[in-house]
Amino acid sequence: MSELKPPVGAADHVQGARDAAIVLLEYGDYQCPYCGTAYAQIKAVQQAMGDRLCFVFRNFPLTNLHPQAMRAASFAEAAATVGKFWEMHDVIFENQRHLNDRNLVEYAQRVGLDDGLVEAALQGNFEPKIRQDFKSGVRSGVNGTPTLFVNGQRFDGPAEADALQGFFARI
Amino acid sequence: MPNATSAGEVGSAAPDFTLPTTPDQSVTLSKLRGKPVVLVFYPADWSPVCGDQVALYNEILSVFGEYNAQLLGISVDGVWCHAAFSQDRKLQFPLLADFEPKGAVARQYGVYEASAGICQRALFVIDGKGVVRWKYISPIGINPGADGILAALEELTQ
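Residues numbered from 1 in each chain as written. Chains lettered and ligands numbered in written order. Predicted model: local features only at pLDDT ≥ 70, side-chain atom pairs only at ≥ 80, totals over all residues.

A. Spotlight on the sheet that holds strand β3 (residues 53-59) of chain A. Residues and elements named next belong to chain A. In spatial order, the strands read β1-β3-β2-β4-β5; together these five strands make up an open sheet with mixed pairing. Edge positions in the sheet fall to β1 (13-15) and β5 (153-155), since each has one partner strand and no second. The average angle at which neighbouring strand axes cross in this sheet is 30°, direction not considered. Lying over the sheet, helix α1 (residues 33-49) contacts β2 (22-28) and β3, oriented at roughly 160° with respect to β3. (Pairing = 2+ DSSP bridges. Helix = DSSP H or I, 4+ residues; strand = E, 2+ residues; numbered from the N terminus. Axes fitted to C-alpha atoms, helices over the stretch in contact; angles between N-to-C directions. Contact = placed C-beta atoms within 7 Å.)

In structure tokens, the structure reads:
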């Protein structure tokens, strides 16, 4: 059974309380269509579960397949430095088919990132953090995108709201 | 003592083979002595998901490289199929065609799924002396990821 390494920590992007009953973590790629589908499913689960669920996102860009995945992740990480990770994360997934540099800059401006942060994202300043996420995913047994972990254990079922909630009910 | 007849069991000599990787090139396992080899048997090219096993390994070649390990993918697909698949997925490691006689190498390693005519999803880590040091057979529908391979490679260095 593949286990999350390292466990959820201070460096992670978290929605909800880290000590919630269920901690759901996604290793995702902003340009992966399956992650796009999972995005909506996870939103539904979050709405249904409220405080009982904590959601965490780590980067796992498949850069050979998805040329803009690293760039999109960079913009989300740039937003994180001013407390706007989730706003950027959401706007990227909601516009997944339009992720060229011009699009990303526009989303960044919509979310309220200043020119310095946009430039930092375009320069690749956040890539070391993203690669670190990627490496942790490899060691945790990520086997594609999205890969989900529930309370630290890899979840091999489908990334669908019904399957997830059914699984959570048995914990 | 390593026992060549025990079909790829841990501690035994890895069965040697030569398989074509392109229409005019082939790979011989015993010629790779001196560095670890990761054998990745997989069911078929053109798996429909983007996070599939070979695409994943392709992304993490640099991590395998830290152990000086050579990664080899093996399926029963032919060389032209591998060529098209490699090009499409921009693969940076060789895919070997266990095509004729079909699945002969997979059988030697005990990982041929005769009923479906495909390789199982099986991983082998072979050390620089040609001895199998780790193996894992995954349920066919579950991509095993790379954590087990990395742990095995790490153990080789200790």
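B. Just the sheet that holds strand β3 (residues 37-41) of chain B, in detail. All names here are of chain B. Taken in spatial order, the five strands of this open sheet run β5-β4-β3-β8-β9, and their pairing is mixed. Of all the strands in the sheet, the pair left with one neighbour each is β5 (95-97) and β9 (132-138). Pairwise comparison of adjacent strand axes, ignoring direction, gives a mean angle of 20° for this sheet. Across six bridges, the pairing between strand β8 (residues 121-126) and β9 is antiparallel. Note on β9: the bridge partner recorded for I126 is V132. Each of β3, β8 and β9 is contacted by helix α5 (residues 147-156), which is oriented at about 15° to β8, the strand it contacts most.

C. Local environment of the packing of helix α3 (residues 85-94) of chain A against helix α4 (residues 101-111) of chain A. Residue and element names in this part refer to chain A. In the contact formed by α3 and α4, the axes pass within 10 Å of each other and the chain directions differ by 140°. If you check the angle between α3 and α4, you find them oblique. Helix-helix and strand crossings are classified by hand; for α3 and α4 the assignment is right-handed. Facing E87, M88, V91 and I92 of α3, the residues of α4 in contact are Y107, R110 and V111. (Parallel < 35°, antiparallel > 145°, perpendicular 65-115°, else oblique. Left-handed = near helix turned anticlockwise from the far one by under 90°.)

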